[in-house]
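# Survey of secondary and tertiary structure
Each chain, letter by letter, is given below.
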Amino acid sequence: MMTETANPAAPKAQSQGFWQKLVALLCPDSVIAIVFVFAFALVTIIWLGTVVHVGNERDDAIEEMQRRNASLALAFETHINQSILRADQVARSLRREIVQRGHRIDMVDYAAREVVDPRMFVNLVYLDEHGNVVASLVQGSRENLADREYFRVHQMNAGDEIHIGKPVIGRISEKWLLPVSRRISNSDGTFAGVVVVSIDPQYFAEFYRRADIGRDGVLTLYNGAFDIGQGSNTIMTQIAADALGLPFGQIKLVCGDTDLTADAGKTSASRQTFVSGM
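Predicted, not measured: the structure shown is a model, and the values here were computed from it. (Residues numbered from 1 in each chain as written. Predicted model: local features only at pLDDT ≥ 70, side-chain atom pairs only at ≥ 80, totals over all residues. Heavy atoms only, no water.)

## Brief notes about the overall build of the protein
A count of helical and extended segments in the protein gives seven helices and eight strands. For the protein, the exposed surface amounts to about 17,600 Å²; the carbon and sulfur share of it is 59%. (Helix = DSSP H or I, 4+ residues; strand = E, 2+ residues; numbered from the N terminus. Areas by Shrake-Rupley, 256 points an atom, 1.4 Å probe, with all protein chains shown as cover.)

Structural data, given as structure tokens:
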């Protein structure tokens, strides 16, 4: 009968084989290979993460820029519409006063009483039915303006419609201007003349230059009026938000800083709302 006897050398041989493999694995060439593979994998992961992060930031930046441009476009469009509306209001008021006063008017006195903003308007002119200058805010030569486009348009059309002309150099003011005009008619409907309200193009350029919409979509409003308890800060912000079609929270007010804001005149109770709000 044969019996198996344990071979004490077998485990020792297996142990020696393991250590031999480990030592072989830890030889300089193998260590360099392992470090290279690990470093390559790490760099690849970091690079992919960076690409994804940069891509997300780029998309966010594009979306933010599109939103800011949309807000600016809306602000510019609303500002132009409000400016034309204001010019037309002045033209209607001026025409009404001319008719009530029997086609006589002191333009300087009218501009002072109606608080006509000199930063916005280059000139106010009243032309008779022949195109002769009857009254002008800017004192100068009394030229005949019958050849102007706005005069011919109102002369040929009996309707009571606003006319927004092409930018021209004024013969009286000698400045670039955007004419907004209305027809004056006699009681029988015949042509009696034209009132012209001339907007300074720099008024729009100044708004575009100062328009500032931050990363959070907030538009900065610069107002010279100082709030002494009459609530002008809130009212001016509400007026700007309504005029520009923006939420109240998207208007940031900078006021009472003579380095940054235009002269708003004296601070005097509720009158400041009318003067600055115009």
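## A word on the environment of Ser93
Among the structural elements, Ser93 can be located in helix α2 (residues 28-100). Since its relative accessible area comes to 12%, Ser93 is described here as buried. Sequence spacing of Ser93 and Val195 is 102 residues, and the spatial spacing of their C-alpha atoms is 10.0 Å. Those residues in contact with Ser93, other than ones at most four positions away along the chain, are Tyr110 and Glu114. (Buried < 20%, exposed > 50% of the residue type's maximum accessible area, 1.4 Å probe, protein only. Contact = heavy atoms within 4.5 Å.)

## Observations concerning the nonpolar core
Among soluble globular proteins, nonpolar side chains are generally buried collectively. Grouped together as the largest cluster of nonpolar side chains are 24 residues, with contacts concentrated most on Leu94, Ile105, Phe121, Leu124 and Ile199. Breaking this core down by element, the ones donating at least two residues are α2, α3 (107-113), β1 (121-128), β5 (176-185) and β6 (191-199). Among the elements that take part in this core, α2 stands out by supplying six residues, more than any other. Discounting residues that sit within four places of it in the chain, Ile105 has contacts with Leu94, Glu97, Ile98, Tyr110, Tyr126 and Ala135. Counting residues in each nonpolar core, the second largest holds 10 residues, with Val125, Tyr150, Phe151 and Ile172 among its members. (Core = buried A, V, L, I, M, F, W, Y, C linked by side-chain atoms within 4.5 Å.)

## Details of the side chain of Glu97
Relative to the helices and strands, Glu97 is located in helix α2. The exposure class of Glu97 is buried, given its relative accessible area of 9%. Setting aside residues up to four positions removed in sequence, Glu97 forms contacts with Ile105, Tyr110 and Arg113.

## Description of unusual backbone geometry
Not every positive phi belongs to a glycine, and Glu174 is a case in point at roughly 60 degrees. By secondary structure assignment, the location of Glu174 is in the loop between β4 (168-169) and β5. A residue is classified by how much of its surface remains accessible, and Glu174, at 65% relative accessible area, is exposed.

## Quick word on helix α4 (residues 149-156)
Looking only at α4, the buried set comprises Tyr150, Phe151 and His154. Across the axial projection of α4, the buried residues extend over an arc of 100 degrees, all falling on one side. Looking at the packing, one finds that the buried side of α4 touches β1, β3 (163-164), β5 and β6. (Arc of directions from axis to C-beta.)

## Focus: a nonpolar patch on the surface
Together, Phe38, Leu42 and Ile46 make up a nonpolar patch on the protein surface, roughly 320 Å² of accessible area in all. Tracing the backbone through its elements, the reader meets Phe38 in helix α2. Owing to a relative accessible area of 58%, Phe38 belongs among the exposed residues under this scheme. (Patch = residues over 30% accessible without salt bridge, like charges linked within 9 Å, V, L, I, M, F, W, Y side chains within 5 Å. Salt bridge = Lys/Arg side-chain N within 4 Å of Asp/Glu carboxyl O.)

## Observations concerning the packing of aromatic side chains
Applying the stated criterion to the full structure yields two aromatic pairs. Arranged with centres 5.4 Å apart and planes meeting at 75 degrees, the rings of Phe151 and Phe191 form a pair that is edge-to-face. You can see Phe151 sitting in helix α4 and its partner Phe191 sitting in strand β6, a full 40 residues away along the chain. When its relative accessible area of 1% is taken as the criterion, Phe151 is described as buried. The class for Phe191 is buried, based on a relative accessible area of 15%. Ring geometry for Tyr203 against Phe204: centres 6.0 Å apart, planes inclined by 70 degrees, an arrangement best described as edge-to-face. For Tyr203, a relative accessible area of 22% translates into the label partly exposed. (Phe/Tyr/Trp six-rings, centres within 6.5 Å; stacked < 30°, edge-to-face > 60°.)

## Some words on the pattern of salt bridges
Two side chains with opposite charge may pair up if their charged atoms get near one another. A complete count under the given rule lists nine salt bridges for this structure. Linking Arg182 and Asp88 is a salt bridge whose minimum nitrogen-to-oxygen distance equals 2.8 Å. With a gap of 94 residues between them, Arg182 in strand β5 and Asp88 in helix α2 connect regions that are remote in the sequence. Taken as a pair, Arg182 and Asp88 share a single burial class, namely buried. Residue Arg113 is joined to Asp109 by a salt bridge in which the shortest nitrogen-to-oxygen separation is 2.8 Å. Note that Arg113 and Asp109 are positioned in helix α3 at a spacing of four residues, about one turn of the helix. The exposure class assigned to Arg113 is partly exposed, which follows from its relative accessible area of 39%.

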